[in-house]
Amino acid sequence: TLNVGSNQVKVTVTSESGLENVYTIIVKRNPSSNNYLSNLTIDGTTVEGFNKTKELYTINVDSTKQNIVIGASAEDSYATITGDGTFNLVSGVNTFPVVVKAENGATKTYSIVVNKSKSNDSSLSSLAVVQSTISPTFASNVLSYTSAVAYSVTNVDITATATDSKATIVGT
């Protein structure tokens, strides 16, 4: 078995009379250049359409997805992989490079683009008028309320909390 690098191979020839000559050959075995993946997964499932020669993959996830787990397997056991693991997602475009480095140093970068949709949740989890009560009792699916205040009250303080922390509130 040849190792990567220099390997000495000897051939010994012995004549009928017993005279011996030893021939030496230095065989240099080059390191592997294989920088292909054999598999690429997201959350444990092979990426749709995976092919070791395809370097760009795009997936779409909904707004509730918080993170993904990228898994990668090298085709060659001497190759190394960086860029696999668990990654947090933000709304919009998330790009994750997975780099395979062959034994000889040659690299190949596979890119995973994850499009995370933005939340459509524009509901409130709480609503109140500080100086009085609202009617009906607050429920996130009810959009109209009434509140009565004394004649002496000239301003009201309204407190409201959005269900989605990324939503903005105007008018409190």
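Read on for a plain summary of the structure. Throughout, residues of each chain are indexed from 1 in the direction in which the sequence is written. Local features in a predicted model are, by the rule used here, given only for residues with pLDDT of at least 70; side-chain atom pairs are given and counted only at 80 or more, and totals for whole chains, interfaces and linings are based on all residues. Each side-chain value is worked out from all heavy atoms of the structure, with water and hydrogens disregarded.

### Details of the packing of aromatic side chains
How two aromatic rings sit relative to each other is given by the distance of their centres and the angle of their planes. Any two rings among Phe, Tyr and Trp, with Trp reduced to its six-membered ring, count as a pair given centres within 6.5 Å; such a pair is stacked if its planes are under 30 degrees apart, edge-to-face if over 60, and tilted if neither. All chains considered together, the criterion is met by three aromatic pairs. For the ring pair Phe87 and Phe96, a centre distance of 5.1 Å and an interplane angle of 40° mean the geometry is tilted. Partly exposed describes any residue whose relative accessible area lies between the buried limit of under 20% and the exposed limit of over 50%, with all areas from a 1.4 Å probe on protein chains only and scaled to the type maximum. Among the residues examined, Phe87 registers a relative accessible area of 24% and is labelled partly exposed. With centroids separated by 6.1 Å and ring planes inclined at 25°, the aromatic side chains of Phe138 and Tyr145 adopt a geometry described as stacked. Accessibility expressed as a relative area gives 23% for Phe138, which makes it partly exposed.

### Overview of the side chain of Asp164
With respect to the secondary-structure elements, Asp164 resides in the segment after strand S12 (158-162). When charges are counted, Lys and Arg contribute as positive and Asp and Glu as negative, whereas His and the chain ends are disregarded. Salt bridges are defined as contacts in which a side-chain nitrogen from Lys or Arg sits within 4 Å of a carboxyl oxygen from Asp or Glu. Buried charge without a partner: Asp164 forms no salt bridge, and the closest opposite charge is Lys166, 5.0 Å away. In protein, a polar contact requires one atom able to donate a hydrogen and another able to accept it; more generally it is a pair of N or O atoms within 3.5 Å, and residues adjacent in sequence count only if both atoms are side-chain atoms. For Asp164, the side chain forms a polar contact with the side chain of Ser119, separated by 2.6 Å. At a separation of 2.9 Å, a polar atom in the side chain of Asp164 contacts the main-chain amide nitrogen of Lys166. In this analysis, two residues are considered to be in contact whenever any of their non-hydrogen atoms come within 4.5 Å of each other. If near-sequence neighbours (up to four positions away) are discounted, Asp164 is found in contact with Ser119 and Asp121. Runs of E in the DSSP output that reach at least two residues are strands. Runs of H or I that reach at least four are helices, and both are numbered from the N terminus.

### Topic: the pairing of strand S10 (residues 107-116)
Of all ten residues making up S10, seven are buried, and the element is well covered by its neighbours. In this sheet, S10 lies alongside strand S5 (residues 56-61) in parallel orientation, the contact comprising six bridges. Note that in S10 the partner of Thr58 across the bridge is Val113. Any two strands with at least two DSSP-identified bridges between them are counted as paired. Strand direction decides the pairing type here: strand S9 (residues 92-101) and S10, joined by ten bridges, are antiparallel. When the sheet's bridge partners are listed, Val98 is paired in S10 with Tyr110. A loop of five residues connects S9 with S10, the two strands running antiparallel in sequence, and Gly105 in this loop sits at a positive phi of about 100°.

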